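Residues per chain are reported as follows:
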Amino acid sequence: MANSINRRNWIKTSAFMAGSVTFFSGALSKLSAMPVKVKSAFFGSDRVIEQNLLQGAPVMKARLSANENPFGPSRAAKKALMDAMETSYQYPFMKSRELIGKIAEFEGVKQSNILMDAGSSPLLHAAAMYYGKNGAEIITGDPSYNDLPSTAAELGSKVIKVPLTADYKLDLDAMEAKVGPNTGLVYICNPNNPTATIVDTNKLKGFCERVSKKAVVFVDEAYIDYLPDPQASSMMNAVKAGQNIIVARTFSKLYGFAGLRCGYIVAQPEVVKILSSYATGMMSLSATTVAAAAAAYQEKEFLQDALKKTMASKEFLYSVLKKEGYTYIPSSANFVMFPINMDGAKFSQEMNNRGVSIRNWKFNNKDWCRVSIGRMDEMQAFADAFKQLS
């Protein structure tokens, strides 16, 4: 027993060295004690995607339902991953420290500001658990990425959904007006999912400065790497200014790590310490993922190439929609949303039958399709199937 405790303490100490990330201890036991309905919130958002894919044609020609980057990961990331297999019997403490150090240096923050996990989802869930407890309010856009709000709702929080503006952007003024004494957290997904719209940067900065004095503002920047100047549009400076802001990032999108699972938040050290008790933490990342992420981080040539290919495929999609007489919401991410002329569920199934997976939504009394940007052959497969239904 003494040896077991010593080993546990050693792991905790090593994890702290890797950026003040505490080793995950209590969250699994808390999760296992929850009823099935509550636990489903932690994984429900991906089940829709999984169901769509499983219901698809025997041969899937285009996987355009999960906002993945089909051009990645980079060669350097793949090589680092393979090389890491040789020492994968070891805990990846050194590589973890290297990765967190790279992020801290690039963003101009301290390692104590960073909490990493296996993708950003566990960090969204951690924030939902902590800031939504005791029935606190979670304010979000409608529609917006629902992972954090749905988790909070399942755990007993009151979720306040604020409709988007006429141009399908988050309505910051209306969201701010909803903030009250029982507000635990305001969730901002920017660029927003599923609309792929972005709010004015200066307006968001002012929003964060004011609202963070009353409640935590969680800014999910999962798709920010698809913007022309990610750093200029990020709320990272708000964290550096000491504001009560949490900024989330993920390697799942432009870096092509959706299946490798790596993400992080940047926040005040005391927030990192609190959320580390609810998240799974750095120890949930495999040695191969950590090595690949360290090699890929800010790999400009690869990121620029992936972005260029994404833009080319997006322009092709725009041209297809225009040719078929459809309008669309201009996209600032790697997916495009547009209204369709038939029931969304039926449209999704018909596209699946033709080997193309997409997502559908219903809001503003319209049925909508969201198409992830794929390789050019996948976009052509979408065009072929879409023309049969349009």
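Since the structure is predicted, the reported quantities are computational estimates derived from the model, not experimental observations. (Residues numbered from 1 in each chain as written. Predicted model: local features only at pLDDT ≥ 70, side-chain atom pairs only at ≥ 80, totals over all residues. Heavy atoms only, no water.)

> Looking at this structure, I do not really get the overall build of the protein chain. What am I missing?
Regarding its fold elements, the protein chain presents 17 helices and 12 strands. Split into buried and exposed, the 390 residues of the protein chain put 55% on the buried side. (Helix = DSSP H or I, 4+ residues; strand = E, 2+ residues; numbered from the N terminus. Buried < 20%, exposed > 50% of the residue type's maximum accessible area, 1.4 Å probe, protein only.)

> Mind showing me how you'd approach unusual backbone geometry here?
Negative phi is the rule for most residues except glycine; trans is the rule for most peptide bonds. Cis peptide bonds are those with omega within 30 degrees of zero, and the linkage from aspartate 142 to proline 143 qualifies with 5°. Within the element layout of this structure, proline 143 appears in the loop between strand S3 (137-142) and helix H8 (147-154). Here the amide bond leading from asparagine 190 into proline 191 is cis, since omega sits at 0°, within 30 degrees of zero. Relative to the helices and strands, proline 191 resides in the loop between strand S5 (183-189) and helix H10 (201-211). The backbone of glutamine 298 sits at a positive phi, close to 55°, despite the residue not being glycine. Residue position: glutamine 298 is located in the loop between helix H14 (287-296) and helix H15 (300-323). Take glutamine 298: its relative accessible area is 24%, and that puts it in the partly exposed class.

> Got a minute to help me understand the packing of aromatic side chains in this structure?
The description of an aromatic ring pair uses the distance of the two centres, along with the angle that the planes make with each other. Within this structure, the stated rule accounts for 20 aromatic pairs. With a centroid separation of 6.2 Å and 75° between ring planes, the pair formed by tyrosine 168 and phenylalanine 363 is classed as edge-to-face. Placement of tyrosine 168 in the loop between strand S4 (158-163) and helix H9 (172-178) and of phenylalanine 363 in strand S11 (residues 359-363) is noted, with a sequence separation of 195 residues between them. An identical accessibility class is assigned to tyrosine 168 and phenylalanine 363; each is buried. Ring centres of phenylalanine 363 and tryptophan 368 lie 4.7 Å apart, and the angle between their planes is 5°; on these two criteria the pair is classed as stacked. Considered together, phenylalanine 363 and tryptophan 368 belong to a single accessibility category, that of buried residues. An aromatic cluster of at least three residues, connected via ring pairs, comprises Phe106, Phe251, Tyr255, Phe257, Tyr264 and Tyr297. Arginine 370 extends its terminal NZ or CZ atom over the ring of phenylalanine 335, reaching a point 5.6 Å from the ring centre. (Phe/Tyr/Trp six-rings, centres within 6.5 Å; stacked < 30°, edge-to-face > 60°. Lys NZ or Arg CZ within 6 Å of the ring centre and 35° of its normal.)

> Looking at this structure, how should I read the packing of H15 against helix H17 (residues 376-389)?
The interhelical angle for the contact between H15 and H17, taken along N-to-C directions, is 10°, at an axis separation of 10 Å. Taken together, the axes of H15 and H17 lie roughly parallel to each other. In this structure, H15 meets H17 at a crossing whose hand is right-handed. Between H15 and H17, the residues in contact are Ala312, Ser313, Phe316, Leu317, Val320 and Leu321 and Met376, Met379, Gln380, Phe382, Ala383 and Phe386, respectively. (Axes fitted to C-alpha atoms, helices over the stretch in contact; angles between N-to-C directions. Parallel < 35°, antiparallel > 145°, perpendicular 65-115°, else oblique. Left-handed = near helix turned anticlockwise from the far one by under 90°. Contact = heavy atoms within 4.5 Å.)

> Is there a simple way to explain helix H16 (residues 344-353) in this structure?
Think of an α-helix as 3.6 residues a turn; residues three or four steps apart then line up on the same face. Listing the buried residues of H16 in full gives Gly344, Phe347, Ser348, Met351 and Asn352. Considered in projection along H16, the buried side chains sweep an arc of 135° and stay on one side of the axis. At the N-terminal boundary of H16, the capping side chain belongs to aspartate 343, with an oxygen 3.2 Å from the backbone nitrogen of alanine 345. After H16 finishes, the residue glycine 355 shows a positive phi value of roughly 85°. (Arc of directions from axis to C-beta. Polar contact = N/O pair within 3.5 Å; in protein donor to acceptor, adjacent residues only side chain to side chain.)

> Would you take a moment to explain the sheet that holds strand S2 (residues 114-117) for this structure?
Hydrogen bonds between backbone atoms are what pair the strands of a sheet, whose relative direction is either parallel or antiparallel. Taken in spatial order, the seven strands line up as S2-S8-S7-S6-S5-S3-S4 in an open sheet, and their pairing is mixed. Of all strands in the sheet, those with a lone pairing partner are S2 and S4, marking the two edges. The sheet shows a mean angle of 20° between the axes of neighbouring strands, taken without regard to direction. (Pairing = 2+ DSSP bridges.)

> What is the right way to look at the sheet that holds strand S9 (residues 335-340) in this model?
Reading across the sheet, the three strands line up as S9-S12-S11 and stay open at both edges, with antiparallel pairing between neighbours. The strands lining the two open edges of the sheet, one partner per strand, are S9 and S11. Recorded for the sheet is a direction-independent mean angle of 30° between the axes of neighbouring strands. Here S9 runs beside strand S12 (residues 366-372); their pairing, made up of six bridges, is antiparallel. Within the sheet, the bridge partner assigned to phenylalanine 338 lies in S12 and is cysteine 369. Each of S9 and S12 touches H15; the most contacted strand, S9, lies at about 10° to it.

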